[in-house]
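# Survey of secondary and tertiary structure
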Amino acid sequence: MAPPARTRRQDIAREWMRAVYPTAYVPMSPIEIELYLLDLVDVIADAVQAEPFTVDPVAVVGDRLVEAHFTGPETLQRTVEVLGHALLFTPELQDVPRLAEKVVAILGSLSTAFATSMRMDAFDQQEEVTRALMAAKRRAERVLEVSEARFREVFDSSAFGIAITDLDGECVEANEALAEMVGRDRAELTGRRLVELFDPADAEALASTYQAVGDGRAVRVRAQRRLLREDGEPVWVHLAVSLLRDADGEPAYYVTMAEDVSELHLLRKNLDFQLLHDSLTGLSNRQRVVSRLEALHGTSRGGITLYHLDLDAFSAVNNGLGHAVGDRVLTEVGRRLEAAVADETALVARVGGDEFAIVVDNSPTTPSVPVVVDRINEALQRPMADGVAVSATIGVVDRPPAGWDVAEILRAADATLRRAKASGKRQWLPYDRHADQRFRDRQARAARMPGALADHELELEYQPLVTLADRRVLGHVARLRWDDLGHDECVRLADETGLSLALGQWALREAAADTARSSGLGTLHFELSPMQSRDEDLVRTVKRTLTETGLPASRLRIFLDARSMLHGVDDDNAQVLRDNGVAAGLTRFNGGQAELSLLDELPVDALVLDPSVVRRLAERPESFLHDAVARMVGLVRSSGVSVLVPDVATEERAAWWARVEVDAAFGDHLAPAVPGYELSGT
Amino acid sequence: MVDRLGWVPDEVDTGLPSAARLYDYLLGGGHNFAADRELAEKFLRAQPNARTIARLNRAFLRRAVLHLVDAGVRQFLDLGSGIPTVGNVHEIARKAAPGSRVVYVDYEDIAVAHSLMLLEHDDLTTILQEDMTDPAAVLDGARDTGLIDFAEPVGVLAVGVFHFVPPERDPAGVIAAYRDAVAPGSYLALSQFTADLQPDEMAGIVAVMRPSANPMFPRTRAEITALFDGFDLVEPGVVALPRWRPEEGAVDEDADRAGIFAGVGRKR
């Protein structure tokens, strides 16, 4: 008997279970976990479909994850990955309007609730263990009366501040913990009157406390009082005062124990490791960078400099050599960065997967920014134990204006880094106000993209693909347009906003529908984004699109992103497409050796060259590069694969490409794109 | 959790890291202090897989308790129970068999104080502050609680603690004393670190823990199996953690990096 069919929601719950199971210990069996998560999948899937849409019901998902102890360092990230993908591709949700936008909102709400719950949970646990500590300490205090010798050991190792004072209140000795609480040197405390360390307002109450204990009216007194740090900040402490007797049983000393209970302290205890450090590298994390900037910006005498680094092609290390090696590399990078700025007052932090930040508090001897950048580059370029050498791209904000807040400084550094990355690897750039403004406009635009997609502001255009010899039209290439933004820009924005799967899916369906309606378009040539090329659901999406739009498989050619195929995540896509009667090709092909070998491995019969190759050839007439590309084209064509050229902009370029005998080309010079709405039916 | 330094009486040593709180930290718990986390970071450098090992060990505890409940055991003696963290024995046992009784045993002050707080209103569960390598004291204390009926089978749990028992404390003798005190049909569930799987990492752990209050002593599979003298090992015997009766739907785990061997035996 066949088991009942699993629903897609069950599949999502199982996938989710398998993703988070290794990230945290949850005291349930895998099947129980799956059922637990299935309830949450229901909440989420129902919320996506509810009208009117609201994220409110989803908050409970974050709470329930924490409640069941799905609280490992990677649990949330994996949850977002699994759900992000599953929600976009669940057939049940396909017809939900503005799906991508809703999914983003829902995952955001889930993450926020998760983080809040985690934080509360950490507070609760710290409070519990502190209470346990106090309970244990009460017993320890009983022991004090028994033996001073034993007490000495506690004195030195205790996390509580302890002072021993003579009967006049003068400090005979204080331990390190107390010295830390008041921000002073331990030696400096000896000989001082202990009461001077407290807020003057507490002096009278303290005096009567010591009196009561000294008289024997009370064996031990507890109170809450304020110590004053050297900088004048009050520190709330729980005090326990008791009397220490000499060998004859006569009063000899007071023992004062203080536990720091100021909110700041509790917060610090909570936040210290969980929130201020990166667990992998042991470096500080983003939170710590924020507080360091808050502390220094505007008060630092020499001004601060923020270096924001991103390792180049780090995913190649992770994918190629495994995450264990990747983790070792990150740790080593952290170590080297610390060494590179060891002479400076600097904080090195890991602020993202492969992103680091260095906050330098400049002194008169601090080298200039280019020198520091050189040091960073030198520190990184030496190969590591696994034979890996990395480089970094760096955005630098040097002595930001006093009027900026910390968020602005971080944003500027991030934006500068993104700009530097756009110019290649191992680059660095200083902050530039004008470039930044352009960048911000673009970001604003990216943020509007989900809404624009839902409001049909994005359009498809169809650019004729023509043979260069006789300018015969072979078919059309689908291109995106959003107001003044062309195809490549749209694709890049979508990639940045994480929208490229949703956008690609929408575009494929629109283009297939348009092509089915207009026989004059011939064969539809559709280029997939990198993310879409790797999508495991690709074939299903294509088949469904064909069925729903009525476009025959023979009129569709799908181009997979060549670089994504190199990573070999799912190289079945090309074969399965072909098995389903859809021709497959490669796009963004730059002719590298690795890419050439793909032609052997994948059942593709056409490729589109990378626009950057085409652009570079146009910029450097008749160079060595021309020879190389001409040979490459000949080689590729001799293996039976057609070569298509994008962005052909001038007659001169068209003539050159015609000479090397590419199969076809497209570009505004050859034939302008036709907007979808201008297509005639049939 | 054994072999305390001579001067330390039963008072608190807050400045020193403890293995119990280290374990809590590795499991993602917040019941720990800076010194514990510092030790944990060293531990993680020696054995990068430590968080996974902690999780696998805790998961073994759960499967072992459920196996014992299935076999009819309703009373448990949990040796070296540590900081109450996620998935405690009484919670697991009671979910499967309401009314199950548990006596926790630990000697570390904060673990005991913490457990007392948690169990304050629980009549079927308590904690004894004793050294588990002193079976006479533990067994006396357990009898006094009135929670354990030694005429009935008892589940003796020594999960992730025997690696703290040095050879000179006679681990086999300790186990034998518990074995002789419980009725036939009782069970022993035991797991402990071994150098058989990852000798280098294990050597690193031993070096990290040597100067701490809880030095560690890995044992070979043969030595661990020998601890089950007088017990019939249930299938699959003494194996790496994830290999011990994995549950349906379990995600594949790397047994070679699991660090700890585990087994369950039934007293003849």
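None of the values given here were measured: they were computed from a predicted structure.

### Points about the overall build of chain B
- Helices and strands together make up the secondary structure of chain B, namely 9 helices and 8 strands.
- Residues classed as buried in chain B amount to 55% of the 268 residues present.
- Once local pairs closer than 6 in sequence are excluded, the contacts in chain B between residues at least 24 apart make up 74%.

### Concerning the overall build of chain A
- Check the secondary structure of chain A and you find 26 helices and 19 strands.
- Counting the 682 residues in chain A, one finds 40% classified as buried.
- Taking as baseline every contact in chain A between residues at least 6 positions apart, the subset at least 24 positions apart corresponds to 63%.

### Brief notes about helix 3 (residues 59-67) of chain A
Residues and elements named next belong to chain A.
- Every buried residue of helix 3 is accounted for by Val 61, Gly 62, Leu 65 and Val 66. Take helix 3 and look down its axis: the buried residues cluster within an arc of 130°, on one side only.
- The first or second residue beyond helix 3 is His 69, which carries a positive phi of 75°.

### Focus: the sheet that holds strand 10 (residues 428-430) of chain A
Residues and elements named next belong to chain A.
- The 5 strands lie next to each other as 7-8-6-9-10, forming an open sheet whose pairing is mixed. Lying at the two open borders of the sheet, with one neighbouring strand each, are strand 7 (345-350) and strand 10. When the angles between neighbouring strand axes are averaged without regard to direction, this sheet yields 15°.
- In terms of strand pairing, strand 7 meets strand 8 (residues 355-361) through 6 bridges, oriented antiparallel. Note that in strand 8 the partner of Thr 345 across the bridge is Asp 361.
- Against the sheet, helix 15 (residues 406-422) engages strand 6 (304-311), strand 9 (392-398) and strand 10, with an angle of about 140° to strand 9.

### Focus: the pairing of strand 13 (residues 523-527) of chain A
Residue and element names in this part refer to chain A.
- Counting buried positions along strand 13 gives 4 out of 5 residues, so the element sits mostly inside the fold.
- Bridge count between strand 12 (residues 473-482) and strand 13: 3 bridges; the pairing is parallel. Along strand 13, the bridge assignment pairs Gly 475 with Thr 523.
- As defined by bridge partners, strand 13 adjoins strand 14 (residues 556-561) across 4 bridges and the pair is classed as parallel. Note on strand 14: the bridge partner recorded for Phe 526 is Ile 558.

### Remarks on the pairing of strand 17 (residues 642-645) of chain A
Residues and elements named next belong to chain A.
- Where strand 16 (residues 606-609) and strand 17 come together, 3 bridges link them in parallel fashion. Within strand 17, the position partnered with Val 608 by the bridge is Leu 644.
- Relative to strand 18 (residues 664-665), strand 17 is paired through 2 bridges, and the arrangement is parallel. Residue pairing across strands places Val 645 opposite Ala 665, the latter belonging to strand 18.
- Handedness of the crossover joining strand 17 and strand 18 through helix 26 (residues 651-659) is recorded here as right-handed.

### Points about the packing of helix 16 (residues 433-454) of chain A against helix 17 (residues 487-497) of chain A
Residues and elements named next belong to chain A.
- Relative orientation of the contacting elements helix 16 and helix 17 amounts to 85°, with a least axis distance of 9 Å. Compared by their axis directions, helix 16 and helix 17 come out roughly perpendicular. Listed contacts from helix 17 to Arg 445, Ala 446, Met 449 and Pro 450 of helix 16 are Leu 493, Ala 494, Glu 496 and Thr 497.
- In terms of residue class, the contact of helix 16 with helix 17 is made up of 5 nonpolar, 1 polar and 2 charged.

### Some details on the confidence of the model for chain A
- The predicted model of chain A has a mean per-residue pLDDT of 84, with 91% of residues at 70 or higher.
- Here residues 264-274 of chain A is modelled with pLDDT under 50, and outside its nearest four sequence neighbours on either side it reaches 11 contacts, counting other chains as well.

### A short note on the nonpolar core
- Counting 193 residues, the largest nonpolar core has Ile 558, Leu 644 and Ala 665 of chain A together with Leu 77 and Val 156 of chain B as the members making the most contacts within it.
- In contact with Ala 665 of chain A, not counting residues within four places along its chain, are Val 466, Leu 468, Leu 644, Val 645, Val 648, Ala 654, Trp 657 and Leu 670 of chain A.

### Focus: the confidence of the model for chain B
Residues and elements named next belong to chain B.
- Across chain B, the average pLDDT comes to 90, with 94% of residues at 70 or higher.
- Every residue in residues 1-13 is under pLDDT 50, and counting partners more than four places away or in other chains gives 34 contacts.
- Of the two predicted TM-score estimates for the complex, the pTM is 0.49 and the ipTM is 0.87.

### Regarding the environment of Ala 435 of chain A
- Along the chain, the position of Ala 435 of chain A falls in helix 16.
- Judged by the 14 C-beta atoms lying within 10 Å of it, Ala 435 of chain A falls in the partly exposed class.

### Considering the packing of helix 15 of chain A against helix 16 of chain A
All names here are of chain A.
- Between helix 15 and helix 16, the least distance of the axes is 10 Å, while the angle of their chain directions is 90°. Between helix 15 and helix 16, the crossing angle belongs to the class labelled roughly perpendicular. For the pair helix 15 and helix 16, the contacting residues are Ala 412, Ala 415, Arg 418 and Arg 419 in the first and Ala 435, Asp 436, Phe 439 and Arg 440 in the second.
- Looking at the contact of helix 15 with helix 16, its residues break down into 4 nonpolar, no polar and 4 charged.

### Here's the deal with helix 8 (residues 199-209) of chain B
All names here are of chain B.
- Of the residues making up helix 8, those classed as buried are Met 202, Ile 205, Val 208 and Met 209. The buried residues of helix 8 occupy an angular sector of 120° when the element is viewed end-on, so they sit on one face. Residues of helix 8 that are exposed and angled more than 90 degrees away from the buried face: Pro 199, Asp 200 and Ala 207.
- Tucked into the core, helix 8 has its buried residues touching helix 2 (34-46) and strand 5 (187-193).

### Looking at unusual backbone geometry
- For the peptide bond that leads from Glu 51 of chain A to Pro 52 of chain A, omega is -5°, which places it in the cis range.
- For Pro 52 of chain A, the position within the fold is in the loop between helix 2 (30-49) and helix 3.
- Of note, the amide linkage connecting Glu 235 of chain B to Pro 236 of chain B takes the cis form, showing an omega dihedral of 0°.
- If you trace the backbone, Pro 236 of chain B turns up in the loop between strand 6 (231-233) and strand 7 (239-240).
- Notably, Arg 98 of chain A is not glycine yet its phi reads approximately 55°, a positive angle.
- Position of Arg 98 of chain A among the secondary structure elements: in the loop between helix 4 (75-89) and helix 5 (99-146).
- For Arg 98 of chain A, a count of 16 C-beta atoms within 10 Å translates into the label partly exposed.
- At Arg 245 of chain B, a position not held by glycine, the phi torsion is positive, near 45°.

Calculation rules
Residues numbered from 1 in each chain as written. Chains lettered and ligands numbered in written order. Predicted model: local features only at pLDDT ≥ 70, side-chain atom pairs only at ≥ 80, totals over all residues. Helix = DSSP H or I, 4+ residues; strand = E, 2+ residues; numbered from the N terminus. Buried ≥ 20, exposed ≤ 12 C-beta atoms within 10 Å, placed from the backbone. Contact = placed C-beta atoms within 7 Å. Arc of directions from axis to C-beta. Pairing = 2+ DSSP bridges. Axes fitted to C-alpha atoms, helices over the stretch in contact; angles between N-to-C directions. Right-handed = clockwise from strand over helix to strand, strands pointing away. Parallel < 35°, antiparallel > 145°, perpendicular 65-115°, else oblique. Nonpolar A, V, L, I, M, F, W, Y, C, P; charged D, E, K, R; others polar. pLDDT = per-residue confidence, 0-100. Core = buried A, V, L, I, M, F, W, Y, C linked by C-beta atoms within 7 Å.

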